[in-house]
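Structure at a glance
Listed here are the chains, written in short residue letters.
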Amino acid sequence: MAAPNIVNVTSIIGESQGYELSTTLTTTLMTVASDKLVKINRMSVANIDGTNAADVTVQITKATRTSAATGSSISGATFKIANTVSVPADAVLVLADTPIYLEEGDVLKGGASAASDLTLYISYEVIDDA
(Lines give C-alpha, C1' and ligand atoms only; values in the text may rest on other atoms or scores of the structure.)
Protein backbone atom coordinates (compact mmCIF):
# COMPACT_ATOMS: atom_id res chain seq x y z
CA MET A 1 0.00 0.00 0.00
CA ALA A 2 1.15 3.48 -0.77
CA ALA A 3 0.09 6.75 0.70
CA PRO A 4 -2.16 8.69 -1.71
CA ASN A 5 -0.35 11.44 -3.57
CA ILE A 6 -2.12 14.61 -2.44
CA VAL A 7 -0.69 16.56 -5.39
CA ASN A 8 -3.08 14.57 -7.61
CA VAL A 9 -6.21 15.07 -5.51
CA THR A 10 -9.49 14.50 -7.32
CA SER A 11 -11.70 15.45 -4.37
CA ILE A 12 -11.64 16.61 -0.77
CA ILE A 13 -14.85 15.90 1.11
CA GLY A 14 -15.45 17.23 4.60
CA GLU A 15 -17.25 14.85 6.92
CA SER A 16 -18.08 14.38 10.58
CA GLN A 17 -18.92 11.17 12.37
CA GLY A 18 -20.12 10.32 15.85
CA TYR A 19 -19.69 7.04 17.72
CA GLU A 20 -21.26 5.71 20.91
CA LEU A 21 -18.35 3.87 22.50
CA SER A 22 -18.74 0.35 23.87
CA THR A 23 -16.67 -1.35 26.56
CA THR A 24 -14.64 -3.18 23.91
CA LEU A 25 -11.57 -0.93 23.75
CA THR A 26 -10.53 -2.23 20.33
CA THR A 27 -13.83 -1.71 18.49
CA THR A 28 -13.18 -0.70 14.87
CA LEU A 29 -14.61 2.78 14.28
CA MET A 30 -13.15 3.58 10.85
CA THR A 31 -11.06 1.76 8.25
CA VAL A 32 -9.59 3.97 5.53
CA ALA A 33 -10.43 2.80 1.99
CA SER A 34 -7.97 2.37 -0.88
CA ASP A 35 -6.74 5.56 -2.60
CA LYS A 36 -7.99 7.65 0.33
CA LEU A 37 -6.28 9.73 2.97
CA VAL A 38 -8.28 10.87 6.01
CA LYS A 39 -7.17 14.08 7.68
CA ILE A 40 -8.66 14.21 11.17
CA ASN A 41 -9.07 17.86 12.16
CA ARG A 42 -10.65 17.46 15.57
CA MET A 43 -11.56 14.57 17.84
CA SER A 44 -13.55 15.06 21.04
CA VAL A 45 -15.28 12.80 23.53
CA ALA A 46 -18.32 13.69 25.64
CA ASN A 47 -19.39 11.97 28.83
CA ILE A 48 -23.19 11.93 28.79
CA ASP A 49 -23.46 10.34 32.24
CA GLY A 50 -24.51 12.99 34.76
CA THR A 51 -22.87 11.30 37.74
CA ASN A 52 -19.85 9.14 36.91
CA ALA A 53 -16.55 9.68 35.13
CA ALA A 54 -15.56 7.16 32.44
CA ASP A 55 -12.29 6.33 30.70
CA VAL A 56 -11.71 6.58 26.94
CA THR A 57 -9.18 4.72 24.81
CA VAL A 58 -8.56 5.60 21.16
CA GLN A 59 -5.88 4.02 18.98
CA ILE A 60 -4.71 3.74 15.40
CA THR A 61 -3.47 0.51 13.83
CA LYS A 62 -1.27 1.38 10.88
CA ALA A 63 -1.52 -0.64 7.68
CA THR A 64 1.57 -2.52 6.55
CA ARG A 65 3.32 -0.28 4.04
CA THR A 66 6.59 1.43 3.16
CA SER A 67 7.07 4.92 4.58
CA ALA A 68 7.41 7.67 1.95
CA ALA A 69 9.55 9.64 4.42
CA THR A 70 12.05 6.99 5.50
CA GLY A 71 11.67 4.14 3.01
CA SER A 72 11.37 1.71 5.91
CA SER A 73 8.64 -0.87 6.23
CA ILE A 74 5.86 -0.22 8.74
CA SER A 75 4.14 -3.39 9.83
CA GLY A 76 0.73 -2.95 11.40
CA ALA A 77 1.83 -1.24 14.63
CA THR A 78 -0.79 0.18 17.00
CA PHE A 79 -0.43 3.66 18.50
CA LYS A 80 -2.58 5.16 21.25
CA ILE A 81 -4.14 8.61 20.88
CA ALA A 82 -5.66 8.27 24.37
CA ASN A 83 -5.21 5.43 26.84
CA THR A 84 -7.77 5.10 29.65
CA VAL A 85 -8.06 8.90 29.93
CA SER A 86 -10.72 9.90 32.46
CA VAL A 87 -13.60 12.03 31.17
CA PRO A 88 -15.53 13.66 34.03
CA ALA A 89 -19.34 13.39 34.21
CA ASP A 90 -21.12 15.89 31.93
CA ALA A 91 -17.81 17.01 30.38
CA VAL A 92 -16.23 17.19 26.94
CA LEU A 93 -12.55 16.41 26.38
CA VAL A 94 -10.67 17.32 23.20
CA LEU A 95 -8.42 14.40 22.22
CA ALA A 96 -6.94 16.00 19.09
CA ASP A 97 -7.17 19.50 17.67
CA THR A 98 -4.20 19.32 15.30
CA PRO A 99 -4.22 17.17 12.15
CA ILE A 100 -3.74 13.43 12.24
CA TYR A 101 -3.46 11.63 8.91
CA LEU A 102 -4.85 8.13 8.42
CA GLU A 103 -3.62 6.40 5.29
CA GLU A 104 -5.34 3.70 3.25
CA GLY A 105 -5.80 0.57 5.33
CA ASP A 106 -5.26 2.33 8.67
CA VAL A 107 -7.85 1.49 11.33
CA LEU A 108 -9.17 3.82 14.02
CA LYS A 109 -10.34 1.91 17.12
CA GLY A 110 -11.74 2.92 20.46
CA GLY A 111 -13.81 2.14 23.51
CA ALA A 112 -14.83 3.23 26.99
CA SER A 113 -14.80 1.89 30.51
CA ALA A 114 -18.58 2.23 30.75
CA ALA A 115 -21.04 1.26 28.02
CA SER A 116 -23.11 4.08 26.49
CA ASP A 117 -21.50 6.79 28.65
CA LEU A 118 -19.01 8.22 26.14
CA THR A 119 -19.60 9.54 22.63
CA LEU A 120 -16.70 10.24 20.30
CA TYR A 121 -17.08 12.89 17.59
CA ILE A 122 -14.62 13.34 14.74
CA SER A 123 -14.40 16.09 12.13
CA TYR A 124 -12.28 15.07 9.12
CA GLU A 125 -11.60 15.40 5.41
CA VAL A 126 -11.46 12.49 2.97
CA ILE A 127 -8.77 13.21 0.38
CA ASP A 128 -9.04 11.11 -2.79
CA ASP A 129 -6.37 10.71 -5.46
CA ALA A 130 -8.19 8.08 -7.55
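Residues numbered from 1 in each chain as written. Predicted model: local features only at pLDDT ≥ 70, side-chain atom pairs only at ≥ 80, totals over all residues. Heavy atoms only, no water.

1. Thoughts on the overall build of the protein chain
Along its length, the protein chain carries zero helices and 11 strands. Reading the helices (α) and strands (β) of the protein chain from amino to carboxyl end gives β-β-β-β-β-β-β-β-β-β-β. Over its C-alpha atoms the protein chain spans a radius of gyration of 16 Å, differing by no more than 12% from the 14 Å that the globule rule assigns to 130 residues. The principal-axis extent of the C-alpha atoms belonging to the protein chain is close to 50 × 30 × 20 Å. Counting every position in the protein chain, which comprises 130 residues, the buried fraction comes to 38%. Taking all contacts inside the protein chain whose residues are at least 6 apart in sequence as the whole, residues at least 24 apart take part in 84%. As presented, the protein chain carries roughly 6600 Å² of accessible surface, and 51% of it is formed by carbon and sulfur atoms. In the protein chain, the 7 positive side-chain charges and the 14 negative ones have mean positions that sit 7 Å from each other. (Helix = DSSP H or I, 4+ residues; strand = E, 2+ residues; numbered from the N terminus. Rg over C-alpha atoms; globule rule 2.2 N^0.38 Å. Buried < 20%, exposed > 50% of the residue type's maximum accessible area, 1.4 Å probe, protein only. Contact = heavy atoms within 4.5 Å. Areas by Shrake-Rupley, 256 points an atom, 1.4 Å probe, with all protein chains shown as cover. Lys, Arg positive; Asp, Glu negative; His and termini not counted. Charge placed at Lys NZ, Arg CZ, Asp CG, Glu CD.)

2. Quick notes on the sheet that holds strand β2 (residues 27–31)
The strand order β2-β10-β4-β7 describes an open sheet built from four strands, whose pairing is antiparallel. For this open sheet the edge positions go to β2 and β7 (78–87), each flanked by a neighbour on one side alone. The mean angle between the axes of side-by-side strands here comes to 20°, regardless of whether they run parallel or antiparallel. With seven bridges joining them, strand β4 (residues 54–61) and β7 adopt antiparallel strand pairing. Paired with Gln59 across the two strands is Lys80, which belongs to β7. (Pairing = 2+ DSSP bridges. Axes fitted to C-alpha atoms, helices over the stretch in contact; angles between N-to-C directions.)

3. A short note on the pattern of salt bridges
Taken as a whole and assessed by the stated rule, the structure comprises three salt bridges. Close ionic contact of Asp128 with Lys36 constitutes a salt bridge, the shortest N to O distance being 2.8 Å. One end of the pair, Asp128, is in strand β11 (residues 118–128); the other, Lys36, is in strand β3 (residues 36–47), and 92 residues separate them in sequence. The salt bridge partner of Asp106 is Lys62, with a shortest N-O separation of 2.7 Å. Linking Asp106 in the loop between β9 (100–103) and β10 (107–112) with Lys62 in the loop between β4 and β5 (65–66), this pair joins segments that are 44 residues apart in sequence. There is no split in this pair, since Asp106 and Lys62 are both buried. It is possible to trace a salt-bridge network through shared partners that takes in Lys62, Glu103 and Asp106. (Salt bridge = Lys/Arg side-chain N within 4 Å of Asp/Glu carboxyl O.)

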